[in-house]
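# Structure assessment
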Amino acid sequence: MASVGATPGRTPQGPGPREASASFPSPAPVPEPREAEEEDEEEPAEIHLCVLWSSGYLGIAYYDTSDSTIYFMPDAPDHESLQLLQRVLDEIDPQSVVTSAKQDENMTRFLGKLASQEHREPKRPEIILLPSVDFGLEISKQRLLSGNYSFIPDSMTATEKILFLSSIIPFDCLLTVRALGGLLKFLGRRRIGVELEDYNVSIPILGFKKFALTHLVSIDQDTYSVLQIFKSEPHPSVYKVASGLKEGLSLFGILNRCRCKWGEKLLSLSRRRAQAPDAQAQWPRPMGPAAPRHVGSSRTGAQTRVPCMAGGLPTTAPPGKPRLWFTRPTQDLEELNSRLDVIQFFLLPQNLDMAQMLHRLLGHIKNVPLILKRMKLSHTKVSDWQVLYKTVYSALGLRDACRSLPQSIQLFRDIAQEFSDDLHHIASLIGKVVDFEGSLAENRFTVLPNIDPEIDEKKRRLTGLPSFLTEVARKELENLDPRIPSCSVIYIPLIGFLLCIPRLPSMVETSDFEIEGLDFMFLSEEKLHYRSARTKELDALLGDLHCDIRDQETLLMYQLQCQVLARAAVLTQVLDLASRLDVLLALASAARDYGYSRPRYSPRLLGVRIQNGRHPLMELCARTFVPNSAECGGYKGRVKVITGPNSSGKSIYLKQFSLTFTSATRGTGPCLLPYSGGESSEQCHRAVAGPY
């Protein structure tokens, strides 16, 4: 993304002291030392942040008074705990946080905690809530396009100005556009930087810049589309054409072997946002009759598999918070190597059985946050208890398995330590309390025997009611009119015990239903229902057994929910670490099948060196794919000019190189390095392709 008005080399880590600029000597008198110090003093820089969070995505923009520049971050996925937003706050340390007054519970809770941080240094940011109408999409676009910016020449027409701003600001990122519009509204109201000026003086804005957090790499949508990291296509089923898309031939498609739904979400959360809607990149289908015989090089050679292991590694963050892999790649080599250690471990032949067992256990890890949310709202279903029970027991199996694995690998050590005995306590409580068979039969929460003596006694009475009520009916029949041939005593929940007798032919009018000593209740299916002295006595003695049992079991369910919610932290930890393990197992499985191998990071190599690299998708489409080596940087040069006739493989070579380099050094996807190996450093390179 282009930027204007930028100071080269500046990182968005908050304002810093300005460096003194060189100037020509002048005849002006040299001030005294104290006077010079006063002139060098500058007003402290201020940062005003505007943030919006919706549907799992975050839009961020902030204004830095030190250089009068607006920084923005394109829509980025974030978890409900708003981990990414917390990292932004820690890094830029804003003076004020502006957001919409209409926010969901997660953002409200986050802002409440932020406002209550007494220990925050240097001070807590001011929380400013603006009306939601100030963040409207159309009005935000109008503010951006109608702004008076000094970096735009006055000679530009309105159309040229729109095109110029569109090349800088990602108008397809709706949350970012709304955040920018809300930020401009706030700056105009507060008159930031021009408080003492006339009202016709506009806020100084010297540029718009895109920013990324430390150790994070920003990748635009065009890159995702061109490299075909994601590719959606219409579903072939006629029943699903209108419901959505399916994943086509893409990097994500060949790597997605996750067994846990949460792991798949961790790997693919950015799938729809990262793909340009108008992307038209097409690949030939695998092994088609028109597939090229030689792709990527004019040389022939034996086909070898492409190594891939550094794919999409997440950023460093405290345990217990999800990481979004493809959209938030990292430059942290320590983090990359820690993930590669796990993949390399499962690639060993002797660990194949362990990987398969862990994969089976991960298949039972379900959507725990949704269950916890239902528990908080008391909307828990019977199936939720079953899913939670299986999830917890599978997590205990993962813990026991990881305790037998080398503890030198960080992920195994985390699972062994963080999956505490609270999991066993939760599983034991659910297993001892919940009657799964009875709950499924009655479609409600029921408890096992010997949990509550009072409930057991009432259930015993309810079970013995048929024989008991038969005896009561026999006694009632002795006191009834001889014309009544039979009767029965029934129990109806919420109504109680009733005497039921058949309707006689003489009972035509409602007045004929009256019987001495009985209170008529209603007529149903040619049977009259009455309350008698005995049924009233049964109501007083036994009560409404069915409702009493349900109320008491509901109370036990609430107490069990409280026990589970009190240990929700360990369940969140389970989901985090299990999803990471699931994705790494999926990458290990792909690396095993496709022959991918581990990249090497060398601080001595000022560039990148690739030996027999391959394109992971094109090799699946071509009958023969010729591997290509590349070396850039140092004495090899940093700019490469690639020439060749049409359809000679220049574009494939460029894409292959981009996938290899960016994956190995940034962690955006699988690293394509052969068994012979490859090395890379942290320097950027360019390759230019063209015909003869």
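For the structure itself, look to the data block above.
Read on for a plain summary of the structure. None of these values were measured; they are calculated from a predicted model. Residue positions are given per chain, counted from 1 along the sequence in the order it is written. Only residues with pLDDT of 70 or above have their local features reported here, since the model is predicted, and side-chain atom pairs are shown and tallied only from 80 upward, although totals for entire chains, interfaces and linings are computed over all residues. By convention in this description, side-chain values take in all heavy atoms of the structure and omit both hydrogens and water.

## What to know about the overall build of the chain
- The helix count covers DSSP runs of H or I at least four residues long, the strand count covers runs of E at least two residues long, and both are numbered beginning at the N terminus. Scanning the chain from terminus to terminus reveals 23 helices and 18 strands.
- Residue burial is assigned from relative accessible area. The probe radius is 1.4 Å, only protein chains are included, and a residue is buried under 20% of its type maximum, exposed over 50%, and partly exposed in between. Here the chain, with 692 residues, has 48% of them falling under the buried criterion.
- Whether two residues are in contact is decided by their heavy atoms, any of which lying within 4.5 Å being enough. Counting contacts in the chain only where the partners sit at least 6 residues apart, residues at least 24 apart contribute 71% of the total.
- Accessible surface for the chain amounts to roughly 35100 Å². Of this, 53% is attributable to carbon and sulfur atoms. Computed by Shrake-Rupley with a 1.4 Å probe, the accessible areas treat only the displayed protein chains as cover when residues are assessed.

## Things to note about the sheet that holds strand 6 (residues 207-210)
- Judged by pairing direction, the sheet is mixed, and its six strands sit side by side in the order 5-4-1-2-3-6 without closing on themselves. Of all the strands in the sheet, the pair left with one neighbour each is strand 5 (126-130) and strand 6. Each strand axis lies, on average, 20° off the axis of its neighbour in the sheet, ignoring direction.
- Relative to strand 5, strand 4 (residues 96-100) runs parallel, the two being bridged by five bridges. Paired with S96 across the bridge in strand 5 is E126. Any two strands are treated as partners once DSSP identifies two or more bridges connecting them. Angles run from 0 to 180 degrees between N-to-C directions of axes, and those axes are lines fitted to C-alpha atoms, restricted for helices to the stretch in contact.

## Structural notes on the pairing of strand 10 (residues 496-502)
- Burial of strand 10 is extensive: six of the seven residues sit out of reach of the surface.
- As judged from the five bridges shared by strand 9 (residues 488-492) and strand 10, these two strands associate in the antiparallel manner. Bridging from a neighbouring strand, V489 pairs with L499 of strand 10.
- Once strand 9 ends, the chain turns through three residues before running back antiparallel as strand 10, passing L494 with a positive phi of about 70°.
- As paired elements, strand 10 and strand 12 (residues 527-531) share four bridges and run antiparallel to each other. Within the sheet, the bridge partner assigned to I501 lies in strand 12 and is L528.

## Re the nonpolar core
- Counting 78 residues, the largest nonpolar core has F346, W385, L398, F412, L423, L571 and L581 as the members making the most contacts within it.
- For this core, the element with the most residues is helix 21 (residues 568-594), which contributes 17 residues.
- Every residue in contact with L398, bar those within four places of it in the chain, is listed here: L358, L361, L362, I365, I415, F419, A578 and L581.
- Grouped together as the second largest cluster of nonpolar side chains are 32 residues, A61, F72, L180 and I192 included. Put simply, buried Ala, Val, Leu, Ile, Met, Phe, Trp, Tyr and Cys residues joined by side-chain atoms within 4.5 Å make one nonpolar core.

## Notes on the side chain of N351
- Checked against the element boundaries, N351 lands in the loop between helix 10 (333-347) and helix 11 (352-362).
- Beyond its immediate stretch of four places on either side in the chain, N351 contacts F345 and F346.

## What to know about unusual backbone geometry
- Located in the positive-phi region is R191, a residue other than glycine, with phi close to 55°.
- Counting through the fold element by element, R191 comes out in the loop between helix 6 (174-190) and strand 6.
- Taking the relative accessible area as the measure of exposure, R191 reaches 12% and is therefore buried.
- Backbone geometry places E525, a non-glycine residue, at a positive phi of 55°.

## What about the packing of aromatic side chains?
- In summary, the pairing rule links any two rings of Phe, Tyr or Trp, Trp by its six-membered ring, whose centres are within 6.5 Å, and it sorts them by plane angle into stacked for under 30 degrees, edge-to-face for over 60 and tilted for everything else. What the rule picks out here adds up to 16 aromatic pairs.
- Judged by centre distance (6.4 Å) and plane angle (45°), the ring pair of F151 and F164 falls under tilted. Here the residue F151 occupies a position in the loop between helix 4 (137-146) and helix 5 (158-166), and F164 occupies one in helix 5, the gap between them amounting to 13 residues.
- When its relative accessible area of 17% is taken as the criterion, F151 is described as buried.
- Overall, F164 belongs to the partly exposed group, its relative accessible area being 22%.
- For the ring pair F345 and F346, a centre distance of 5.3 Å and an interplane angle of 80° mean the geometry is edge-to-face. With respect to class, F345 is no different from F346; both count as buried.
- An aromatic cluster is built from Y149, F151, F164 and F208, whose rings are joined through pairwise contacts.

## Observations concerning empty space enclosed by the protein
- Here a cavity means grid points, on a 1 Å grid over the protein atoms only, where a 1.4 Å probe fits yet cannot get out; a pocket means an open set of points with protein on both sides within 12 Å along at least five of seven lines; lining residues are those with an atom within 4 Å of a point. Grid points are joined across faces, edges and corners, and a volume is the space filled by probe spheres set on the points. With the rule as written, the count across this model stands at one cavity of 30 Å³ or more.
- Grouping the amino acids of the lining of the largest cavity by side-chain chemistry returns three nonpolar, two polar and two charged. Ten residues, namely Ala, Val, Leu, Ile, Met, Phe, Trp, Tyr, Cys and Pro, are considered nonpolar, four, namely Asp, Glu, Lys and Arg, are considered charged, and the remaining ones, Gly among them, are considered polar.

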